[in-house]
Amino acid sequence: MHRLPEECSAHKPAMCYNTARRRRYFPFRVSVGIMQRSLPSILDGLNEQQREAVVHGDGPLLIFAGAGSGKTRVLTHRAAYLIRERGVSPHRILAVTFTNKAANEMKARLRRLTPGQHRSLWVGTFHSICARILREDGERVGVPQNFVVFDDSDQTALIKDCLRDLQLDPEQFVPSRVLNSISAAKNELIAPRDYFNWRGGRPYDEIVARVYERYQHQLHENAACDFDDLIDYTVWLFERHPDVLERYQDRFHYVLVDEYQDINFAQYRLIKLLAEKHRNLCVVGDDDQAIYGWRGADMRIIMRFDEDYPDARVIKLEENYRSTGNVLRAAWEVIRHNEVRREKRLWTNAPPGEKLVCHRARDEHDEAFFVADTIQHLVEHEGRSFRDFAVLYRVNAQSRVFETVFVSRGIPYRVLGGLRFYDRAEIKDLLAYLRVIHNPADSVSLKRIINRPTRGIGATTLQRLEQAARERGLSLLEAARHAEAIPEIGPRPQRALAQFVSLIDGLCARKETVGVTDLTKAVIEQSGYRTALEEEKSAKARGKIENVDELLSATREYEESAEKPSLAGFLESIALLTSVDELEEGLETVVLMTLHSAKGLEFPIVFLVGLEEGLFPIARAAFSDNPMELEEERRLCYVGLTRAKENVFLTSAELRTIFGRTEHTMVSRFLKDIPEELVEAYGPISPRNITWEAADTSRRAAPEAAESGPDGSGFASGDRVRHPHFGDGMVVSVSGTEERPIISVAFPHKGIKKLDPAYVELEKLG
DNA sequence: ACGGGCGTCTTTTTT
DNA sequence: AGACGCCCGT
């Protein structure tokens, strides 16, 4: 019998901080169900619109599915309906989701609705589906069969190499920014040679274009794709090889796409090509929940669906089954301020429920105390469990204070999206070994491990080796294999290299005969990795050894659950894992995550924290004169509010220290959008460790009451000022001493400037 | 070749 | 406040 992990850990008094523990490989292990006597009905319990969407026949269909309107249900029931009632072979259906978790959930539900048939249905994320297609047919566009997927850190490492090769100053051309530009181009299917014109031909763009070109070249040399390549190469495969496209078109008579509001141009193109022939394209989305514009998603795509397909059926799902009336009303009051949105409004039969609670804390510690107090109170006195709560924040950096406070209070919690298990250095090292074994051309991974653990191959040797590899057109491993022919490398490093090559060769020889777990074991032992850690004898090293052992249970788990386990499959599934995929359900813990990660999830009680101008909405949007950025922030707020089934707590801090800077804050404008009658306010509370009852007595009428302009400079947060050079801006904070205040002013396009009024003439605007 | 220590820089969200 | 990179001493 397989013991599910929650059975083991649910009643442990200790917390399961995910900082110490790997999360399970598969977020969803669907428990083996009892045999279905009779199939669940497909149409029962659906409302009129849902039913309409499910039974829609052929032709394009657009479903606007508001938050909590039963979207997943409609999607799965539609697939089941096609299979059971219309005789469509599941083999002919493709369903594209945003996360693996959503894909797994859909599979699990389909298993119940169409037992025995669900297996041949393709469900996956854009990236996993494309990876699968490229694995099959990628060679037609130059993608080798054993390609690897480069993650974020691989990409950055490679970009840095490219900058170095082109002798560009990484100060001037910040790797992460260059990478963003390249990614933006790839989202729009722009190839390196078109980049310069596409961007408008500034001198900077010419440089980026050269880096882009080199980067692509290097990816190719490494037999690697980055995330965006997976989509782009598949589109190119389809565009250049109509026979391949037709094969897939004929396979997938029905295409379903979830989260359509968050797709980018390349993904749009891909879906368009796939669905072109049969035109049975069903897309589901909600323009009010479009929150990925910053990474190339284009909500105009969903807005224009009915222009693209004039015969499209459009169905709106507006009945909400998740939240109370008050929560829904609050969400509405926020989102209705957006200009760019389809007309629609969620409604519910549910009672109004409790009011939202708002609290303005003194600083971020008090904010965390308030959240902890509230959680403890509700758990102790109102029968709530820790799993009922989610703390949602705008930026990951906010999680730390909550972690500290939760640890001290003994509140069990998990943080999503921080440092993932697979991002840890020791795990990445071992994965790099596996990747080199799988794909010897992967020089980025090889560089990572060539001297880890240290084996006498230092920076100088590596440099010489790379040089030789470049000159001879060899991969790093090939160059290392012939190290004795490189005169620049001394005899000692040559021997070390020879030994390293034979280590890799030995491991490669075993990859065909042993499973992933045994191979990984061999890597850990033969590479000397474990020995090196054991010799270190520090607490840190012991933790690493634990993680290394955890990796072995991950491979074991993979081999048990995968249909056809392989090294390639294991590596790929890790590369395409998202942070929510690691959210295991049913654990008795509070969950902390960003608002972005929370999309698609729901919790009885939600804390929306850090509701401050400049944090949420984030500074860039708050002080930008591009209203679209603010609209995206507002949608993010809408997403946060609609995660709650029963209660919402909204918090902010008067003083916030973040990234080592302390600043006075103003309450978020989103909070002010919510009508007073929906909100009750608590605070401010000054003594720490207050109890809920204490907070209760310090109830105040308005949360903004504590806002003040705290100094003698004549300037306060929120003032509009005119600068002789920068123009008009808004004071966002006042710091420094009372005699010598320093004022931070946000100027549109120019960012936030720290100004000393003693030197600059600042005119206060009425 | 290697590791420690110091200084600098960065901080939106992530498939 | 933390991560990272660089430089220096061993």
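Residues numbered from 1 in each chain as written. Chains lettered and ligands numbered in written order. Predicted model: local features only at pLDDT ≥ 70, side-chain atom pairs only at ≥ 80, totals over all residues. Heavy atoms only, no water.

1. Thoughts on the overall build of chain A
When helices and strands are counted, chain A shows 31 helices and 21 strands. Here chain A holds 766 residues, and the buried ones make up 56% of them. Sequence-distant contacts in chain A: of pairs separated by 6 or more residues, those separated by 24 or more amount to 75%. Taken as a whole, chain A presents about 33600 Å² of accessible surface, with 49% of it coming from carbon and sulfur. (Helix = DSSP H or I, 4+ residues; strand = E, 2+ residues; numbered from the N terminus. Buried < 20%, exposed > 50% of the residue type's maximum accessible area, 1.4 Å probe, protein only. Contact = heavy atoms within 4.5 Å. Areas by Shrake-Rupley, 256 points an atom, 1.4 Å probe, with all protein chains shown as cover.)

2. Overview of the nonpolar core
Nonpolar side chains tend to gather and get buried jointly when the protein is soluble and globular. Core analysis: the biggest nonpolar cluster contains 53 residues, and Tyr-422, Leu-431, Leu-465 and Phe-570 have the highest contact counts within it. Beyond its immediate sequence surroundings of up to four residues, Leu-431 is in contact with Tyr-422, Leu-551, Phe-570, Leu-571 and Ile-574. Val-255, Tyr-268, Leu-274 and Leu-281 belong to the second largest nonpolar core, which has 51 residues in total. (Core = buried A, V, L, I, M, F, W, Y, C linked by side-chain atoms within 4.5 Å.)

3. Some points on the pattern of salt bridges
The full count for this structure, using the stated rule, is 55 salt bridges. Note that Arg-620 and Glu-629 form a salt bridge whose closest N and O atoms lie 3.1 Å from each other. Under the relative-accessibility criterion, Arg-620 is labelled exposed at 62%. Look at the salt bridges and you will find they share partners, linking Asp-161, Arg-164, Asp-165, Arg-214, Lys-447, Glu-466 and Arg-470 into a network. (Salt bridge = Lys/Arg side-chain N within 4 Å of Asp/Glu carboxyl O.)

4. Some thoughts on the sheet that holds strand β8 (residues 313-317)
The strand order across the open sheet formed by six strands is β3-β2-β6-β7-β1-β8, and the pairing between neighbours is parallel. Looking at strand neighbours, the two that pair on one side only are β3 (122-125) and β8, the edges of this open sheet. Going from strand to strand, the sheet's axes swing by 15 degrees on average, the running direction of each strand aside. Looking at chain direction, strand β6 (residues 254-257) and strand β7 (residues 281-285) are connected through three bridges and run parallel. Its bridge partner lying in β7, Val-255 is registered against Leu-281. Relative to β3, helix α5 (residues 126-137) is tilted by about 115 degrees, and along the sheet it contacts β2 (93-97), β3 and β6. (Pairing = 2+ DSSP bridges. Axes fitted to C-alpha atoms, helices over the stretch in contact; angles between N-to-C directions.)

5. Quick look at the pairing of strand β10 (residues 389-393)
With five of five residues buried, β10 lies mostly within the body of the structure. Taken together, the four bridges between β10 and strand β13 (residues 603-608) define a ladder with parallel strand orientation. For Leu-392, the partnering residue across the bridge sits in β13 and is Leu-608. For β10 and strand β12 (residues 590-594), the ladder comprises four bridges, and the chain directions are parallel. Within β12, the position partnered with Val-391 by the bridge is Leu-592.

6. A look at the packing of aromatic side chains
Scanning the model with the defined rule gives 19 aromatic pairs in all. A centroid spacing of 6.0 Å and a plane angle of 85 degrees characterise the contact between Tyr-195 and Tyr-212, whose relative ring orientation is edge-to-face. One end of the pair, Tyr-195, is in helix α8 (residues 192-198); the other, Tyr-212, is in helix α9 (residues 203-221), and 17 residues separate them in sequence. Tyr-212 shares its class with Tyr-195; the two are buried. Ring geometry for Phe-305 versus Tyr-309: centroids 4.9 Å apart, planes at 35 degrees, classification tilted. Each of the two residues, Phe-305 as well as Tyr-309, counts as buried. Three or more aromatic residues joined by ring pairs form one cluster here, namely Trp-122, Phe-238, Tyr-248 and Phe-252. Here the guanidinium or amino end of Lys-272 rests over the ring plane of Tyr-309, the centre of that ring lying 5.9 Å away. (Phe/Tyr/Trp six-rings, centres within 6.5 Å; stacked < 30°, edge-to-face > 60°. Lys NZ or Arg CZ within 6 Å of the ring centre and 35° of its normal.)

7. Regarding the environment of Lys-511
On the secondary structure map, Lys-511 appears in helix α22 (residues 491-511). Expressed as a C-alpha distance, the spacing of Lys-511 and Leu-434, which sit 77 residues apart in the sequence, is 9.4 Å. Setting aside anything within four residues of it in sequence, one finds Lys-511 in contact with Ile-437, His-438 and Leu-519. At 2.8 Å, the side chain of Lys-511 and the backbone oxygen of Ile-437 are in polar contact. (Polar contact = N/O pair within 3.5 Å; in protein donor to acceptor, adjacent residues only side chain to side chain.)

8. Overview of the protein's contact with DNA strand B
Contacts to DNA strand B come from 23 residues, most closely from Arg-394, Asn-451, Thr-460, Thr-461 and Phe-659. Backbone atoms, meaning sugar plus phosphate, form 54% of the atoms of DNA strand B positioned within 4 Å of the protein. Every element with two or more residues in the surface near DNA strand B is listed here: α20 (459-472) and α27 (595-598). By residue class, the composition of the surface near DNA strand B is six nonpolar, 13 polar and four charged. (Near = heavy atom within 4 Å. Nonpolar A, V, L, I, M, F, W, Y, C, P; charged D, E, K, R; others polar.)

9. So, the confidence of the model for chain A
Low pLDDT means the predicted atomic positions in that stretch should not be read closely. Model confidence for chain A is summarised by a mean pLDDT of 84, while 85% of its residues fall at 70 or above. Contacts of residues 1-37 to residues separated by more than four positions or lying in other chains number 70 contacts, the stretch itself having pLDDT below 50. The low-confidence segment residues 684-713 (pLDDT under 50) makes 52 contacts with residues lying over four places distant or belonging to another chain. (pLDDT = per-residue confidence, 0-100.)

10. Examining the packing of helix α16 (residues 364-381) against helix α17 (residues 399-409)
Contact geometry of α16 with α17 gives a least axis separation of 9 Å together with a crossing angle of 45 degrees. As far as their axial angle goes, α17 and α16 are oblique. As for the relative orientation of α16 and α17, their crossing is right-handed in sense. Contact residues: α16 offers Glu-364, His-365, Glu-367, Ala-368, Phe-369, Val-371, Ala-372, Asp-373, Ile-375 and Gln-376, while α17 offers Val-401, Phe-402, Val-405, Phe-406 and Arg-409. (Parallel < 35°, antiparallel > 145°, perpendicular 65-115°, else oblique. Left-handed = near helix turned anticlockwise from the far one by under 90°.)

11. A word on unusual backbone geometry
In this structure, the amide linkage connecting Arg-452 to the following residue, Pro-453, adopts the cis form with an omega of 0 degrees. Mapped onto the fold, Pro-453 is located in the loop between α19 (443-449) and α20. For Glu-259, which is not a glycine, the phi torsion comes out positive at approximately 55 degrees. By the element assignment, Glu-259 lies in the loop between β6 and α12 (265-275).

12. Re the state of the cysteines
Summed over all chains, the structure comprises zero disulfides. Free cysteine: Cys-282, not disulfide-bonded; nearest cysteine sulfur from Cys-130 at 19 Å. You can call Cys-282 buried: its relative accessible area is 2%. (Disulfide = S-S within 2.5 Å.)

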